[in-house]
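Letter by letter, the chains look like this.
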Amino acid sequence: MSTAAACRPERTSLDMVTATAVVVTILSWASAFPAIRAGLHDFGPVELGALRFAIAGVPAAIFLLVTRPGWPSLPDFLRLATGGVLFVALYTALLNMGETTVSAGAASFIINTNPIITAGLAMLVLGERFGARAWAGTTLSFLGIGLIALGEGGGLSIDTGALLILGAALCTSVTTVVQKPLFTRHRPLAVSAWNMALGALVLSPWLVPASAELSSASAQGLWAVVYLGLVPSLVAYGTWAVALSRLPASRASNFMYCVPPVATLLGFLWLGEVPTALGAVGGAMALIGVAVVNWRR
């Protein structure tokens, strides 16, 4: 087990390490949505998740074997198992299944109920403070994400896919609050590695049908799987753990409102997808809301 002395104290302002971890996480997770859509052309939703975390889980397990952080206590292992089951396996399966019927904009709107749920749970369970200004900024960001979704077209409808994505958001919120106390006793990268290794183990039964799909997968689908395993998983889960270890859970989650507008910008730069005026306004609102939450006098 890692000692508390090895863990970083929680901060009220962004230093270089924390800011870098937040930026890398946002960029990585923003790119995950189009990569998932590309992968779903060739793989089933759960099969895609199994391949993604098989790629991430192997180096994560090797990291644990090399660094030897020690076997966690039973209460801590249950918290780590929550991450493997909820944050990796169930989140991935629900999000992938939801994205088969829900547009990217609508999916980003629904998944971004996560900061609201996390803030509420963090106040109740962890005793964190989230003042009126923070709630105002959160509301502004959430409304901005709604405009991005509406600007994409197709509207916002409540169907099975939407409910699955809402379940994915709940998985993330619960895991964030459950695992937050781990960072006083364990290094962030060790927590992240446990999450990915355990999650890959839970998803491993779907590797059998996934291997059958590999033979007929396109090059785009194969590259999407590799990218998802390396960047939005192996890298971003690690940087997210670093950010969560150094910030209050409610504040760290609030930065995720930056993901949809960044995803829109990436779509413009890489694919030439021009955002609508409504989407551009929504993106600006989302970013301003995050700035309001994190502004310090």
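Residues numbered from 1 in each chain as written. Predicted model: local features only at pLDDT ≥ 70, side-chain atom pairs only at ≥ 80, totals over all residues. Heavy atoms only, no water.

A. View of the overall build of the protein. When helices and strands are tallied, the protein shows 13 helices and zero strands. Walking the protein from its N terminus toward its C terminus, one meets helices and strands in the order α-α-α-α-α-α-α-α-α-α-α-α-α. In the protein, buried positions account for 53% of the 297 residues. Relative to all contacts within the protein whose residues are 6 or more apart in sequence, the contacts with residues 24 or more apart total 91%. Carbon together with sulfur atoms contributes 72% to the accessible area of the protein, which is approximately 12,900 Å² in total. (Helix = DSSP H or I, 4+ residues; strand = E, 2+ residues; numbered from the N terminus. Buried < 20%, exposed > 50% of the residue type's maximum accessible area, 1.4 Å probe, protein only. Contact = heavy atoms within 4.5 Å. Areas by Shrake-Rupley, 256 points an atom, 1.4 Å probe, with all protein chains shown as cover.)

B. Quick peek at unusual backbone geometry. Non-glycine residue Arg68 carries a positive phi angle of around 50 degrees. As for its placement among the helices and strands, Arg68 is situated in the loop between helix H2 (45-67) and helix H3 (74-98).

C. Up close: empty space enclosed by the protein. In the structure shown here, the tally under the stated rule is two cavities of 30 Å³ or more. Here the largest cavity is characterised by a volume of approximately 270 Å³. In this structure, the largest cavity is lined by 16 residues; those nearest its centre are Trp29, Phe33, Tyr91, Ile111 and Met256. Secondary-structure elements contributing two or more residues to the lining of the largest cavity are helix H1 (16-39), H3 and helix H12 (259-271). The biggest single contributor to the lining of the largest cavity is H1, with four residues. Across the lining of the largest cavity, the residue classes break down as 12 nonpolar, three polar and one charged. (1 Å grid on protein atoms, 1.4 Å probe; cavity = no way out; pocket = protein on both sides within 12 Å on 5 of 7 lines; lining within 4 Å. Points joined across faces, edges and corners; volume = space filled by probe spheres on them. Nonpolar A, V, L, I, M, F, W, Y, C, P; charged D, E, K, R; others polar.)

D. Structural detail: H1. The first and last C-alpha atoms of H1 sit 34 Å apart over 24 residues, in line with the 34 Å expected at 1.5 Å per residue. Of all the bends found along H1, the most pronounced is centred on Phe33 and spans about 30 degrees, while Pro34, a proline, follows it within four residues. (Expected span 1.5 Å × (residues − 1). Bend = angle between axes of the 7 residues up to and from the residue.)

E. Representation of the packing of aromatic side chains within the structure. Summed over the entire model, instances satisfying the criterion amount to nine aromatic pairs. Measuring from ring centre to ring centre gives 5.6 Å for Phe53 and Tyr237, while their planes differ by 80 degrees; the resulting arrangement is edge-to-face. Linking Phe53 in helix H2 with Tyr237 in helix H10 (residues 219-246), this pair joins segments that are 184 residues apart in sequence. Relative accessible area serves as the criterion here: at 3%, Tyr237 is assigned to the buried category. Both rings, one in Phe77 and one in Trp194, keep their centres 6.1 Å apart while their planes meet at 90 degrees; by these two values the pair is edge-to-face. Of the two residues, Phe77 is situated in helix H3 and Trp194 in helix H8 (residues 188-203); the sequence distance between them amounts to 117 residues. The class of Phe77 is partly exposed, set by a relative accessible area of 23%. Site record: aromatic cluster; members linked through ring pairs are Trp29, Phe53, Phe87, Tyr91, Tyr237 and Trp240. (Phe/Tyr/Trp six-rings, centres within 6.5 Å; stacked < 30°, edge-to-face > 60°.)

F. Examining the environment of Val290 more closely. Mapped onto the fold, Val290 is located in helix H13 (residues 277-294). Taking C-alpha positions, Val290 is 9.1 Å from Arg251, a pair spaced 39 residues apart along the chain. Those residues in contact with Val290, other than ones at most four positions away along the chain, are Ser141, Asn254, Phe255, Tyr257 and Cys258.

G. The nonpolar core, seen in detail. Grouped together as the largest cluster of nonpolar side chains are 73 residues, with contacts concentrated most on Ile26, Trp29, Phe53, Leu95, Ile111 and Tyr237. In this view, Trp29 contacts Phe87, Pro232, Ala236, Tyr237, Trp240, Met256 and Val259; residues no more than four positions away in its chain are not counted. (Core = buried A, V, L, I, M, F, W, Y, C linked by side-chain atoms within 4.5 Å.)

H. Geometry of the environment of Gly131. As for its position among the elements, Gly131 is in the loop between helix H5 (114-126) and helix H6 (132-152). Sequence separation of Gly131 and Val293 is 162 residues, and the distance between their C-alpha atoms is 9.1 Å.

I. Focus on the packing of H5 against helix H7 (residues 160-179). At a minimum axis distance of 9 Å, the contact between H5 and H7 shows a crossing angle of 30 degrees. Comparing their axes, H7 and H5 come out roughly parallel. The handedness of the crossing between H5 and H7 is right-handed. Of H7, the residues touching H5 (which contributes Asn114, Ile117, Thr118, Leu121, Ala122, Val125 and Leu126) are Ala169, Leu170, Thr172, Ser173, Val174, Thr176 and Val177. (Axes fitted to C-alpha atoms, helices over the stretch in contact; angles between N-to-C directions. Parallel < 35°, antiparallel > 145°, perpendicular 65-115°, else oblique. Left-handed = near helix turned anticlockwise from the far one by under 90°.)

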